Amino acid sequence: MSVAAGPQEVRIVTRRYHEFPEDSWTLERVEADGGYEAARSAVRDMTPDEVLDTVKDSGLRGRGGAGFPTGVKWSFVPKDLFPKYIVVNHDEGEPGTFKDRELGERDPHQLIEGIIIAAWANQANRAFIYCRGEMALGARRMDTAIRDAYRKGYLGKGIFGSGFDLDVTLHRGAGAYICGEESALLDSLEGFRGQPRLKPPFPAVKGLYGQPTIINNTETLSTLPHIIRHGVEWFRRWGTEKSPGTKMISTSGHVVRPANYEVPLGTTLAELLELAGGMRDGGRVKAIIPGGASAPLLTSTEYRLDFESLQEAGTMLGSGAVVFMDESTCMVRNALVTNEFFEHESCGKCTPCREGTWWASKVLERIEHGEGRKEDMELLLDIANGIDGRAFCPLGDAASWALRSNVELFRDEFEQHVIDGRCPFEDEHLSFTGPRAAVPGPGDSGIAAQPHAGVDADLEGPDPREAGR
Amino acid sequence: MSDGNGTVTVTINGRRVETHPGRLLIDVAEELGIFVPRFCYHPGMRSVAVCRMCLVHVEGQRKLMPACATPVSDGMEVQTDHPRAVDAQSGMLEFLLINHPLDCPICDRAGECPLQDQTYAHGPGTSRYVEPKRTYEKALEISDLVVLDRERCVLCWRCVRFADEIAGDRFIQLVDRGAGTQILTFSDEPFDSYFSGNTIQICPVGALTAKPYRFVSRPWDLKTAPSICAYCSVGCPISNEARAGQLVRCQALPNENVNDFWICDKGRFGYHYVDSPERLDNPLVRKGDSFEVTGWAEALRTAAEGLRGAASVGVIAGGHLTTEDAYAVQRLARGTLGTADLDSRIQDDGAPYELMVDAAGVAGSTATLNDLESAQTIVWTGPDPREELPVLFLRLRKAVTGRGAKLVVVSPRRLSLDAFATHVVRCEAGAEAAALEGLRLGNERPAADDVASADALVCCWGPSSPGRDETPILEQVVALAAERGGKVLVCPPHAGSQGLLDMGVHPALSPGYRRPETRGRRTREILEAAASGEIDALVIAGADVLNDFPDAELARRALTSGAFVVVSELFATDTARAADVLLPAAAYAEREGTFTNLERRLQKLEQLLAAPGTAREVWRICAGIAAAMGDDWGWTSFDDVWADINASVPTHAEVDVQALTQPHPVAGPHQESGYELMPNDMVMAGPGGPMPKGHRSGAAFEAGQAWPLSWELRSFEAHLRPGLIPVAADGTGEVGTLTERASATRREPGTFRLLSGRHIYDEGTMVSRSAMLHELAKEPFVALNAADAAEIGLSDGAQAVVEGATSVTLPVVIDDIARGAVYIPYDQPGLHANTLMRGPEPTVTVRPA
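Residues numbered from 1 in each chain as written. Chains lettered and ligands numbered in written order. Predicted model: local features only at pLDDT ≥ 70, side-chain atom pairs only at ≥ 80, totals over all residues. Heavy atoms only, no water.

What about the overall build of chain B?
Then step 1. Across its full length, chain B carries 25 helices and 35 strands.
Then step 2. Relative to the globule expectation of 29 Å for 849 residues, the C-alpha radius of gyration of chain B, 28 Å, shows essentially globular dimensions.
Then step 3. Expressed as lengths along the three principal axes of its C-alpha atoms, the size of chain B is roughly 85 × 60 × 55 Å.
Then step 4. Across the 849 residues of chain B, 64% fall into the buried class.
Then step 5. In chain B, which carries 79 positive and 112 negative side-chain charges, the distance between the mean positions of the two groups comes to 3 Å. (Helix = DSSP H or I, 4+ residues; strand = E, 2+ residues; numbered from the N terminus. Rg over C-alpha atoms; globule rule 2.2 N^0.38 Å. Buried < 20%, exposed > 50% of the residue type's maximum accessible area, 1.4 Å probe, protein only. Lys, Arg positive; Asp, Glu negative; His and termini not counted. Charge placed at Lys NZ, Arg CZ, Asp CG, Glu CD.)

This is the structure we're talking about:
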């Protein structure tokens, strides 16, 4: 794989489905394309510790949001406690993020292969895929893929003819953002109300059903087969020292071609924007959400997309969802819409998140509708500070970061709302979530841009569950 | 800094303290007198850290840490008054208050409300919130006793956690999410828990209120006194609270030895009988077919004359007498009346408590309630503790679900314990002893394996069914414990039961577990002798033998045989109506006294109210009868009684009864914290103590005025009232030769052993006169095994004719009960089951109606 001049994708986890868009999710295609070889060689030829060391050496960091080194996470799992569980976080709820959905729909076998490698490394005999409830097509394809893998002996008793057993269960969530938080995900998986658990103990020690549990993101696991197959050196060819490899960036907003782009970590926002065809209608960048709705805003494209650079810039790579907003965006409305999301998704467990996001929505709504007061900006910052670092789980923190960065970076715009007694953008009714006409590119917005989106799209044959198995 | 003995040193607000690792910061701070504000944390339940009120600054931590979920570690430096922490506390209160209705002027909780207290101490003075508040339907009745106001709720989860973690009654839950999260019950199920009232007490706001207390009083208008619940033998400490001379509320006082922090709803709401207009207020003397109100002098003289003229006197005492009353009854019987015929086991459980004396040196428990929690295995045989000893049920549940003890239940019928028992041994009725022997000999596997492997074993026994002879069962329990080095928890039924045994109200025990010279008659024999005329006078203290003795016909004959009957009672019970002299007694809230609980712990009751009319303590009544008979004991005060007990009862010689009471918390280290805004000062201010210094509300309270305490602060009181278990001589550890076990012989189809038991809300003298609870009493039924029912053509819900001494038609409930036995509740509205019973080991026939 060579990198040409100018921004270009480096397709590792997305290669297969770009190369074989017609049938990348079928076992036939995957096997013809060398699928499951990495898992087979891991289980047959490598010890679990060798796999663990390889993943550690690769420097792979979690692709779900926190960017925690995967190998280190695995090493926290007590070796002598059984059973252990692997849980795949396929709940992808971060606004602006749509990469895991694509991986689940278009290359489910790659994920299963990653699960096998993780399970072998950690000697876990059971894995659960916690799939976001809305992802109907992905769930069906993963379900089919799991059953195909069982049939081939890649899952089940003595996989690949070894003495190692692995069962994979697909579980569909019921639509709560909080269930993407790993401990809330476990509660939900166990059948309880999805709410984060008190830590410690951490899931690695006491997770699902009180047993050691590894929770990894879909993209993280999908990367594993490539690391095993090509080695650490190869993987580290891309990315930075501290953020090696490539990352899928869900790119959306006011860009010409919103889509997922797999780029080496360390790619600049400007390069990403170029990949996405630039701003639509020749617009200029006003604000950028660099890592999903939780991430504090940026106003310049000079930053590099990797964990450490964005942290230095006071924001985060998060799940790798970049939203470019042009100058038609009302930032009060942006703050309101973002905050309303967190308010709606707050589980209600802790005081600051539950009450703070609720209060902030009320205040933002007032400002947006021309009823703001001059002290409201301070109040919003106080609310943000009252949540930040005091909430039970990162959901509250995320809400406060988004709120604070909107107010701090665009304070003049907030004040304009108060002074004018109206939203200066109200005639245009434009913001990145708002309706718009005639947008070039593959879809209306990044969120709806995927060709396979929708429950009924592109089903291959009848649903096996409906065929009375 | 660590001394190597498993202790750590932490510094909180500049004060160093050595403590055990793993303890929670919030507890360690509190011991230093540093009160960290909190809503969700409760020492009796696992931390959830959801309210975020207790955030404190820990050196080296980027974020503030919740003190309720942070274990102390060596060298930890903590500042609860760090500016960041103070800002967080104030901010959290502002968040909590934005949606709180601030309807304190009409809220029952105002004045003792943790939200109010902590807002005064830590909250902002004004609100910046200008938008409409969240609203819900107000005053939702979620059960017959509990009312919910979701607007006031701060979503601390205490009620939900209590119901789930402590009571195991998951009727109250969180629904919806985010700012719409609310506490609610399921639409088709009320909050139908025997422990629901605890959620009201631990609610840190006025979201859960008690139906009988709504709008009844302000806490500062309440006069309160610590007391002990007068119902069952667990002996939960309670706070009696009265307004204008009327008992209006009863709350749990915590004692970690006894009840943790909890009481049952019977204990909490069952106080209305005290103020009932039906209470006897003056002595009554029979004149022909009716009673005449007299003064005490005449009544006592009449009683003395009647008793002096009797050839033989029998004395029967009920289970709700205090230790002092029990001693007085015993002294009246053995001393003044010179009779050996006295007993307090009016359910004729045939319980051979005296058997324990040889084995253990005491006629009661060798185990304490705390032993349950360190036990590896617990064996239970006896009544259903959820119905008869509710807080013991909670302690057992905690031992099993919280501490991992194994529980083996030996019973011929399904008990509430089965839900979390490790092993249920469903033996035939009458074969409990054989099942226990199987456990002892290792036959009853796998339960026997858990018994055999337990280093710490506690065997619990209580009388399982009225009229049963429990001797072989208790023998096996004692033998099992002895062989495995275990302890025995003896569970007599009522608050006074153990005190009556300790004080020798028993035909084969004199005070202090000694053997009397003459062995007297037990309850059944006394009644038989009275019925036959052999005994021609009866003294009955607080016992409704007509309704409680498991042979109603025998009791009726005994009372109507012409014997001279003296009764002291709270109410004109059926038994009292048969008296020749009826003497009104004081209820538990109207007197000083002690109860001895099932672990033999003495705990003190304080007087809160005046008794109606001239009603008085049973010990005073007994002393009065004795004096009228020419035997003046010289008792005029409670302390006189105890001087006599100290002198005459060897086990109680060293008991300093007044030392059991320290009604007001003492200052101790709490004064040292020096906080201006912390409510530590409230901690020091017991009822009657000074107003807290940190109170910001200005001059609302005069210095020195009583400051009512919210429950958190009350908890300090309890540590000073642990009660006392008197030391007794050791026993041999063994019982003599085991009695031959009654074999469980199958009877004719349609003929069944009659098992019975009391339910929490029943027709008992006190509870049936507590209006709120009487409405909750279940209708009587007959429970039987599905196979037995099918054999005689009955099914669930069908009507069956049950015939014993009398005949009654009851609805059938198919239940997990041994074949050959039926279960009928003992005393539910419409049926006193003792009317069905004749003789010991009663049987009935059952046929379709």
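Moving on from the model shown.
Some thoughts on the sheet that holds strand β1 (residues 8-12) of chain B
All names here are of chain B.
Then step 1. The five strands lie next to each other as β2-β1-β5-β3-β4, forming an open sheet whose pairing is mixed. With one partner strand each, in any of the chains shown, β2 (15-19) and β4 (65-66) form the two edges of the open sheet.
Then step 2. Pairing analysis gives two bridges linking strand β3 (residues 55-58) to β4, with the strands arranged antiparallel. For leucine 55, the partnering residue across the bridge sits in β4 and is proline 66.
Then step 3. On the sheet, helix α2 (residues 83-98) packs against β3 and β5 (77-79) and is oriented at approximately 165° with respect to β3. (Pairing = 2+ DSSP bridges. Contact = heavy atoms within 4.5 Å. Axes fitted to C-alpha atoms, helices over the stretch in contact; angles between N-to-C directions.)

Comments concerning the sheet that holds strand β12 (residues 237-243) of chain B
All names here are of chain B.
Then step 1. Reading across from one edge, β11-β12-β13 is the order of the three strands in this open sheet, with antiparallel pairing throughout. A strand with exactly one partner marks an edge of an open sheet, and here the two such strands are β11 (223-228) and β13 (246-252). Recorded for the sheet is a direction-independent mean angle of 30° between the axes of neighbouring strands.
Then step 2. Here β11 runs beside β12; their pairing, made up of six bridges, is antiparallel. Paired with isoleucine 228 across the two strands is proline 237, which belongs to β12.

Let's talk about the interface of chain B and chain A
Then step 1. With 37 residues of chain B in contact, the opposing surface of chain A contributes 35 residues.
Then step 2. For the pairing of chain B and chain A, the buried interface totals around 2,800 Å² over both sides, and the portion due to carbon and sulfur atoms is 55%.
Then step 3. Looking at the side of chain B facing chain A, the largest losses of area belong to Phe95(B), Arg128(B) and Arg177(B), adding up to 25% of the total buried there.
Then step 4. Across the contact surface, chain B and chain A share six salt bridges.
Then step 5. Linking Asp87(B) and Arg390(A) is a salt bridge whose minimum nitrogen-to-oxygen distance equals 2.7 Å.
Then step 6. The interface formed by chain B and chain A contains 18 residue pairs in polar contact (both at pLDDT 80 or more).
Then step 7. Elements with a minimum of two residues in the side of chain B that touches chain A: α2 and β8 (172-175) of chain B. (Buried area = accessible area lost by both parts, 1.4 Å probe. Salt bridge = Lys/Arg side-chain N within 4 Å of Asp/Glu carboxyl O. Polar contact = N/O pair within 3.5 Å; in protein donor to acceptor, adjacent residues only side chain to side chain.)

Focus: the domain arrangement of chain A
All names here are of chain A.
Then step 1. Taken domain by domain, chain A holds domain 1 (15-237), domain 2 (246-326) and domain 3 (331-420).
Then step 2. Listed as interface residues are 10 residues of domain 2 and, on the opposing side, 12 residues of domain 3.
Then step 3. Carbon and sulfur atoms supply 74% of the area that domain 2 and domain 3 bury against each other, a total of about 870 Å² over both sides.
Then step 4. For domain 2, the biggest contributors to the area lost against domain 3 are Lys286, Ser294 and Leu297; these three give 50% of the whole.
Then step 5. Along the contact surface separating domain 2 from domain 3 lie one salt bridge.
Then step 6. The residue glutamate 413 makes a salt bridge to lysine 286 at a minimum N-O spacing of 2.7 Å. (Domains from an automatic or database assignment.)

Overview of the environment of Val50(B)
Then step 1. For Val50(B), the position within the fold is in the loop between α1 (25-31) and β3.
Then step 2. Each C-alpha atom, one on Val50(B) and one on Leu102(B), is 22 Å from the other, the two residues being 52 residues apart in sequence.
Then step 3. Apart from the residues lying within four places of it in its own chain, the contact partners of Val50(B) are Lys349(A), Cys350(A), Thr351(A), Cys40(B), Leu155(B), Cys156(B) and Trp157(B).

Concerning helix α6 (residues 99-106) of chain A
Then step 1. Of all eight residues making up α6(A), eight are buried, and the element is well covered by its neighbours.
Then step 2. For α6(A), every residue scored as buried is listed here: Lys99(A), Asp100(A), Arg101(A), Glu102(A), Leu103(A), Gly104(A), Glu105(A) and Arg106(A).

Observations regarding the packing of helix α4 (residues 158-167) of chain B against helix α12 (residues 390-402) of chain B
Residue and element names in this part refer to chain B.
Then step 1. Viewed as axis vectors pointing N to C, α4 and α12 meet at an angle of 80°, and their least axial separation amounts to 9 Å. What the angle tells us is that α4 and α12 run roughly perpendicular. Contacts from Asp164, Glu165, Ile166 and Ala167 of α4 reach α12 at Phe393, Leu394 and Arg397.
Then step 2. Partitioned by chemical class, the residues of the contact of α4 with α12 number four nonpolar, no polar and three charged. (Parallel < 35°, antiparallel > 145°, perpendicular 65-115°, else oblique. Nonpolar A, V, L, I, M, F, W, Y, C, P; charged D, E, K, R; others polar.)

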